[in-house]
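Architecture and fold: a report
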Amino acid sequence: MLAGIPRFESVPPTRKPEVVKHTATSVVTIERFIIEQEKLHPEATGELSGLLYDLALAAKMIANKVRSAGLADILGATDLENVQGETQQKLDVLANEIIIKAVDHGGRLCAMASEEEPGIIDIPEHFRCGKYCLLFDPLDGSSNIDVNVPVGTIFSVVRKITRSNRGEMEDMLQPGRRQVAAGYVIYGSSTMMVYTTGQGAHGFTLDPSLGEFLLSHPNIRTPAVGRYLSVNDSYHGQWEPEVQGLMRYYRGQEGGRQPMSTRYVGSLVADFHRNLLGGGLFAYPANRRNKNGKLRLLYEGNPLAFIVEQAGGAATDGTQRILDIQPTELHQRTPLFIGSKNDVDAARSMLGESPRDASARTAVGSVGA
Ligand code: AFP
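This write-up is about the structure you can find in this document. (Residues numbered from 1 in each chain as written. Predicted model: local features only at pLDDT ≥ 70, side-chain atom pairs only at ≥ 80, totals over all residues. Heavy atoms only, no water.)

1. With respect to the overall build of the protein chain
Definition in use: Numbering of helices and strands runs from the N terminus; a helix is a DSSP stretch of H or I covering at least four residues, while a strand is a stretch of E covering at least two. Residue contacts are counted whenever heavy atoms from the two residues lie within 4.5 Å of one another.
The helix and strand inventory of the protein chain stands at nine helices and 15 strands. The long-range share in the protein chain, meaning contacts at least 24 apart out of those at least 6 apart in sequence, stands at 62%.

Right under this line is the structure:
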């Protein structure tokens, strides 16, 4: 059953608040919801709304491919490697193409960047350029595809800041706090798209019989204290001592916190989505081999941080808010601690101070549950 009634906050004073109502015969499609949100901004040109529809369409096309992955010849690896030196899965390549083709011609974008491509993806010459840049991870967690584990698409939208017609590197390398929209799609037991334009985080479930995303999770709020801890424990021996201490805190072995339950899919969108709805902390800390962790700031950290903050949660690299990091390169990696606010605060408290400062540890006991 579809839940709740979204209430829009800041509305222009001359207009009554718009309320999208669910009744037995009235459902709220993602298109309708985007239009209602756009009305809250009298200055809006519709370009961002158009881009979000295009992304929803791309998501439906990818969902379709993911669903039939075992039937068509699209499982398994290609003989290509992406820019991170990782083997590209066939569905990764397909999802990348689907997104590019869904958004390159609408006149809304001036440039794109994908986790699967080394540099900026230009808008073809014969298409008009718009004022937004799109950064995306077409299919995250793709090493899980062959074993039917949920995977996801993640996207981030920023406004062009340079005067050039086509987007430049400077446009792409903006801190996450400048995002105008961000979202993800999870291809799981159902397909869901969650997005924010800075007015809350809202979730839509794909109704396969209608082929439409319908509002199912308006105004998502994530619990302040998490139940789940999502981290790959096999790196324990490679973590710095303060990260090891933080994990002991989450497990209730130090600092008096109620122990968290471990849940790790190894597919970021799946882990993040569960924690967003149920409360939890996802961590991918730096380790001795990967000094900046594994996850990418622009395609994973920033969009998910924007969403989690809109839902009342937080995200840090351990020393600063993810959304405040000034990127220096497209494929930059970042340590990531993201999820329930009190649990992220514990990471800030324990990791932001000098590792050898004993008082840092005692301070943590007062944070969290
Ligand atoms: P793949 O896309 O190569 O499967 O990587 C997935 C991912 O980027 C992210 O979705 C997971 O949270 C993380 O890597 C898992 O990494 P570990 O296997 O090192 O735990």
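2. Notes on the sheet that holds strand S4 (residues 121–122)
For the record, the criterion: Any two strands are treated as partners once DSSP identifies two or more bridges connecting them. For every element, the axis is a line fit to its C-alpha atoms; helices are fit only across the contacting stretch, and the angle between N-to-C directions ranges from 0 to 180 degrees.
The sheet built from eight strands is open, its strands ordered S4-S3-S5-S6-S7-S8-S9-S10 with mixed pairing. Pairing within the sheet leaves two strands with one partner each, and these edge strands are S4 and strand S10 (212–217). Of the pairings in the sheet, the one linking strand S3 (residues 109–114) to S4 comprises two bridges and is antiparallel in character. Each bridged residue has a counterpart across the sheet, and for Met 112 the counterpart in S4 is Ile 121. The sheet contacts of helix H7 (residues 297–310) involve S3, strand S5 (132–140), strand S6 (151–159), strand S7 (179–187), strand S8 (191–196) and strand S9 (201–207), and relative to S7 the element is tilted by about 100 degrees.

3. Overview of the site of the ligand
For clarity, the threshold we go by: Proximity is defined per residue: any heavy atom of the residue falling within 4 Å of a molecule or strand makes that residue near it. Here a polar contact is taken to be a pair of N or O atoms separated by no more than 3.5 Å, where protein atoms must pair a possible hydrogen donor with a possible acceptor and residues adjacent in sequence count only if both atoms sit in side chains. Method for areas: the Shrake-Rupley scheme with a 1.4 Å probe, in which residue coverage is limited to the protein chains shown. Ten residue types, Ala, Val, Leu, Ile, Met, Phe, Trp, Tyr, Cys and Pro, are classed as nonpolar, four, Asp, Glu, Lys and Arg, as charged, and the remainder, Gly among them, as polar.
Around the ligand, a shell composed of 16 residues is seen, among which Asp 140, Ser 143, Tyr 235, Tyr 264 and Tyr 284 lie nearest. The backbone of Ser 142 places a nitrogen or oxygen atom 3.2 Å from an oxygen atom of the ligand. In the model, an oxygen atom of the ligand is placed 2.5 Å from a nitrogen or oxygen of the Tyr 264 side chain. Its free accessible area being 480 Å², the ligand has 85% of it covered by the protein chains. Here the residues of the shell around the ligand sort into six nonpolar, six polar and four charged.

4. Things to note about helix H1 (residues 30–39)
Quick reminder of the rule: Note on exposure labels: buried denotes an accessible area under 20% of the residue type's maximum, exposed denotes more than 50%, and partly exposed covers the range between, all computed with a 1.4 Å probe on protein chains only. In this description, the arc belongs to the directions extending from the helix axis to the C-beta atoms.
Within H1 the residues assigned to the buried category are Ile 30, Phe 33, Ile 34, Glu 36 and Gln 37. The arc that holds the buried residues of H1, viewed along the axis, is 160 degrees, so those residues lie on one side. Of the surrounding secondary structure, the elements contacted by the buried residues of H1 are helix H2 (47–67), S8, S9 and S10.

5. Side note on the nonpolar core
What counts here: Each nonpolar core is a collection of buried residues, namely Ala, Val, Leu, Ile, Met, Phe, Trp, Tyr and Cys, held together in the definition by side-chain atoms within 4.5 Å.
Counting 56 residues, the largest nonpolar core has Met 112, Leu 134, Phe 155, Val 157 and Tyr 187 as its most contacted members. When neighbours within four sequence positions are excluded, Val 157 is seen to be in contact with Leu 48, Leu 51, Tyr 132, Cys 133, Leu 134, Gln 179, Val 180 and Ala 181. Counting 48 residues, the second-largest nonpolar core is a separate cluster that includes Leu 229, Val 231, Ile 307 and Ala 347.

6. Some points on the pattern of salt bridges
Where we set the bar: What makes a salt bridge here is a side-chain nitrogen of Lys or Arg within 4 Å of a carboxyl oxygen of Asp or Glu, nothing more.
This model, assessed by the stated rule, comprises 14 salt bridges. Here Asp 324 makes a salt bridge to Arg 177, at a shortest N to O gap of 3.1 Å. Within this pair, whereas Asp 324 is found in the loop between strand S14 (314–316) and strand S15 (336–339), its partner Arg 177 is found in the loop between helix H4 (169–172) and S7, the two being separated by 147 residues in sequence. The exposure class assigned to Arg 177 is partly exposed, which follows from its relative accessible area of 47%. The salt bridge involving Arg 251 is made with Asp 233; its shortest N-O contact spans 2.9 Å. Of this pair, Arg 251 sits in the loop between helix H5 (241–250) and strand S12 (261–262) while Asp 233 sits in the loop between strand S11 (228–230) and H5, and the two are 18 residues apart along the sequence. Put simply, Arg 177, Glu 309, Arg 321 and Asp 324 are held in one network by salt bridges that share partners.

7. Section: the packing of H5 against helix H8 (residues 341–351)
Put simply, the rule reads: The labels follow the angle: roughly parallel below 35 degrees, roughly antiparallel above 145, roughly perpendicular from 65 to 115, and oblique for the rest. Crossings are classed by handedness, with left-handed meaning an anticlockwise turn of the near helix from the far one by less than a right angle and right-handed meaning a clockwise turn.
Between H5 and H8, the shortest axis-to-axis distance is 10 Å and the interhelical angle comes to 150 degrees. By the angle between their directions, the pair H5 and H8 is classed as roughly antiparallel. Two packed elements cross with a definite hand, and for H5 against H8 that hand is right-handed. Listed contacts from H8 to Glu 242, Val 243, Gly 245, Leu 246, Tyr 249 and Tyr 250 of H5 are Asp 343, Ala 346, Ala 347, Met 350 and Leu 351. Tallied by class, residues from the contact of H5 with H8 come to eight nonpolar, one polar and two charged.

8. Some words on the pairing of S6
Burial runs high along S6: eight of the nine residues are buried. Direction of pairing for S5 relative to S6: antiparallel, over a ladder of seven bridges. Along S6, the bridge assignment pairs Asp 140 with Gly 152. Here S6 runs beside S7; their pairing, made up of eight bridges, is antiparallel.

9. Thoughts on unusual backbone geometry
Negative phi is the rule for most residues except glycine; trans is the rule for most peptide bonds. In this model, Asn 148 sits at a positive phi of 65 degrees, which is unusual for a non-glycine residue. Position of Asn 148 relative to the elements: it lies in the loop between S5 and S6. In the Ramachandran plot, Asn 219 falls in the positive-phi region, its phi being about 45 degrees despite a non-glycine side chain. Position of Asn 219 relative to the elements: it lies in the loop between S10 and S11. Here Asn 219 falls in the partly exposed class, since its relative accessible area comes to 35%.

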